[in-house]
Amino acid sequence: MKGEFFMNPKKQFGIRIDHAGIHVSNFERTYQWYHEIFGFERIPEQNTSPFEGGVFPKMTWIRLGDFFLEVYEVQDAQPYNLVDLEWTLGVKHLNFLVDDLAGFLEYIRSRDDVNILVDNTYTETDGAVYLTDPDGILVEVTMRKE
């Protein structure tokens, strides 16, 4: 390792998470799903793409608190392949923390547009649920009590 000193990059440079980028087949459908399931909001002033006419003809941002999704609408893209997920490089899934996993599960089970793949609700205070968004992107929902 280069250097002779220890540095905490988070403290030194103020590093924090900002956003993740996803490719989707239909922005409106994706926005509605993330809005209704997690509460994401549109960022209207950024609904135009800096890549107009380029590889990604449509890009927009949606926001949940301090976290953003950079959403690219890509026509004729291949769907997310959950079969090969464990054997590919790249982002495995998105994760969201909830304060009430049981209540969240009850809510998403009442919806027709949520595909629950795995329900690992271990205890009243710990667990993980895996679902897929409309394009098959894997989303994990967890709850951790301090």
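Anyway, here's the lowdown on the structure attached to this text. Quantities reported herein were computed from a predicted structural model and do not represent experimental measurements. (Residues numbered from 1 in each chain as written. Predicted model: local features only at pLDDT ≥ 70, side-chain atom pairs only at ≥ 80, totals over all residues. Heavy atoms only, no water.)

### Concerning the overall build of the protein
In step 1: Broken down by element type, the protein carries three helices and eight strands.
In step 2: Start at the N end of the protein and walk to the C end: the helices and strands fall as α-β-α-β-β-β-β-α-β-β-β.
In step 3: Within the protein, buried positions represent 34% of all 146 residues.
In step 4: Looking at the protein alone, contacts between residues at least 24 apart form 52% of all its contacts between residues at least 6 apart.
In step 5: Taken as a whole, the protein presents about 10200 Å² of accessible surface, with 53% of it coming from carbon and sulfur. (Helix = DSSP H or I, 4+ residues; strand = E, 2+ residues; numbered from the N terminus. Buried < 20%, exposed > 50% of the residue type's maximum accessible area, 1.4 Å probe, protein only. Contact = heavy atoms within 4.5 Å. Areas by Shrake-Rupley, 256 points an atom, 1.4 Å probe, with all protein chains shown as cover.)

### Some details on the packing of helix H2 (residues 27-38) against helix H3 (residues 101-109)
In step 1: Where H2 meets H3, the closest approach of the two axes is 11 Å, and the angle between their N-to-C directions is 140°. Taken together, the axes of H2 and H3 lie oblique to each other. Facing Glu36, Ile37 and Phe38 of H2, the residues of H3 in contact are Phe104, Tyr107 and Ile108. (Axes fitted to C-alpha atoms, helices over the stretch in contact; angles between N-to-C directions. Parallel < 35°, antiparallel > 145°, perpendicular 65-115°, else oblique.)

### A few points about the pairing of strand S5 (residues 94-97)
In step 1: With burial as the criterion, only one face of S5 is covered, namely that bearing Leu94 and Phe96; the residues Asn95 and Leu97 on the opposite face remain uncovered.
In step 2: As paired elements, S5 and strand S8 (residues 138-144) share four bridges and run parallel to each other. Each residue of the ladder has a partner; that of Leu94, found in S8, is Val139. (Pairing = 2+ DSSP bridges.)

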